[in-house]
Amino acid sequence: MNTSQVTTLRHVKTVPNRRRFSLTKGIVLLFLSVLVVTQVYPLLWLFLYSFKTNEEILSGNFFALPQSPQWSNYVSAFSGGDYLRYLWNSIFVTTVTMTCVIILSSLAAFAISRFRWRYGQVVLLLFLIGMMIPMQATLLPLMIIFKNMHILNTHLSIILPYIAFSMPIAIFILNGFMKSIPGEIEESAIMDGASILRVYWNIMLPISVPPIMTVCILTFINIWNEYILASIFISSNSLKTLPFGVNSFVGQYSVNYGAIGAFLVLGALPVIVVYFLLADKITQGMVAGAVKG
């Protein structure tokens, strides 16, 4: 067999592989394109919705562009919807919740992953069971408990459940990452005279920044958009969070749909900005906790 025949056979063998690769790549790109459209289109639709009049919205033509952009909808959402007050309440509740979740979950994960004690895995299992408890199943017990504690209609009544429901996934992520940290690091620190709390604060926390950022972002997104607990435990308008602002535009005889759309855009904007700025941190933290653990 001469050289030209060998080259021809190699070419014949490689062509199907190239075609198979191109077909697979095309299917993947098609799937990703459909996924992008389904994820981006609702945001684009809401943005266009916020510039329409009630007549355009009620006409039923959901795909039409606004004939004349109604910037007054955003003015109404900002002033009439008391946007700044609801925004401040959401920022306060979310910040306090995130801070407590980071401190408590990192301490728990540090104790479970780095200490040698008999019931460490049992404690971890008890925390993870919390991931299987639906939030709706706890509404009545929490209502009774908070009523007896006299903390209903306060921010504390929603911060405590938020912390409790955010900690299981946070401990799961941080525990998986902290297990992968070599023990020689803390052993050398202890030999140099460092206490357990100093090892936690000066060594474990700085090393665990990627999964901590993941916990922060996931907690922020979940708490920022939460409605059920806040609607039941908070009755005062001065304490309500951002999702309740849309109620300001619903009257007994009329509804300002355009202002509702504008308020929803303003409410979703912080989440979108935070997610796009720190999206790579989510991936890094999840991979660190899953693979290294």
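Criteria and thresholds
- Residues numbered from 1 in each chain as written.
- Predicted model: local features only at pLDDT ≥ 70, side-chain atom pairs only at ≥ 80, totals over all residues.
- Heavy atoms only, no water.
- UniProt positions renumbered as here; feature names shortened; annotations may be inferred.
- Core = buried A, V, L, I, M, F, W, Y, C linked by side-chain atoms within 4.5 Å.
- Buried < 20%, exposed > 50% of the residue type's maximum accessible area, 1.4 Å probe, protein only.
- Domains from an automatic or database assignment.
- Contact = heavy atoms within 4.5 Å.
- Axes fitted to C-alpha atoms, helices over the stretch in contact; angles between N-to-C directions.
- Helix = DSSP H or I, 4+ residues; strand = E, 2+ residues; numbered from the N terminus.
- Left-handed = near helix turned anticlockwise from the far one by under 90°.
- Nonpolar A, V, L, I, M, F, W, Y, C, P; charged D, E, K, R; others polar.
- Phe/Tyr/Trp six-rings, centres within 6.5 Å; stacked < 30°, edge-to-face > 60°.
- Lys NZ or Arg CZ within 6 Å of the ring centre and 35° of its normal.
- Salt bridge = Lys/Arg side-chain N within 4 Å of Asp/Glu carboxyl O.
- Parallel < 35°, antiparallel > 145°, perpendicular 65-115°, else oblique.

If you look the protein chain up in an unreviewed UniProt entry, it shows as Raffinose/stachyose/melibiose transport system permease protein from Paenibacillus macquariensis. The record held by UniProt for the protein chain lists under Sequence similarities (unreviewed entry) the comment "Belongs to the binding-protein-dependent transport system permease family." UniProt lists a comment for the protein chain under the heading Subcellular location (unreviewed entry), and it reads "Cell membrane".

### Digging into the nonpolar core
One finds Y162, L242 and F263 to be the most contacted residues of the largest nonpolar core, which totals 60 residues. Counting the residues that make up this core, at least three belong to each of domain 1 (2-76) and domain 2 (80-290). Leaving out residues up to four positions away in the same chain, Y162 has contacts with V93, T97, I223, E226, L229 and A230.

### Some details on the packing of helix α4 (residues 83-114) against helix α10 (residues 209-224)
Two elements in contact, α4 and α10, have axes separated by 10 Å at closest approach and are oriented at 145°. The element α4 and its partner α10 pack so that their crossing is right-handed. Contacts between α4 and α10 pair L87, S90, I91, V93, T94, T97, M98, V101 and I102 from the former with I212, V215, C216, T219, F220, I223 and W224 from the latter. Each residue belonging to the contact of α4 with α10 can be placed in one class, and the counts come to twelve nonpolar, four polar and no charged.

### Digging into the packing of aromatic side chains
Summed over all chains, the structure comprises 13 aromatic pairs. Taking 4.7 Å as the distance between ring centres and 25° as the angle between the ring planes, the aromatic pair formed by Y227 and F244 counts as stacked. With Y227 in the loop between α10 and α11 (228-233) and F244 in the loop between α11 and α12 (257-291), this pair connects stretches of sequence that are 17 residues apart. These aromatic residues form a ring-pair network of at least three members: F47, F51, W71 and Y74. R85 extends its terminal NZ or CZ atom over the ring of Y86, reaching a point 5.2 Å from the ring centre.

### Side note on the pattern of salt bridges
Enumeration according to the criterion identifies two salt bridges in this entry. Between D82 and R85 there is a salt bridge whose closest N-O contact spans 2.9 Å. For D82, a relative accessible area of 28% corresponds to the partly exposed category. Residue classification places R85 among the partly exposed positions, given a relative accessible area of 30%. We note a salt bridge from E186 to R114, for which the minimum N-O separation is 2.3 Å. One end of the pair, E186, is in helix α8 (residues 183-191); the other, R114, is in helix α4, and 72 residues separate them in sequence. Exposure remark for E186: the relative accessible area of 11% places this residue in the buried category.

### Some thoughts on the packing of helix α7 (residues 156-178) against α10
Two elements in contact, α7 and α10, have axes whose closest approach is 10 Å; the angle formed by their N-to-C orientations is 155°. When the interaxial angle is binned, α7 and α10 end up roughly antiparallel. Relative to α10, α7 is oriented so that their crossing is right-handed. Counting all contacts with α7, which are made through Y162, S166, A170, I173, L174 and F177, the residues of α10 involved are P211, I212, T214, V215, L218, T219 and I223.

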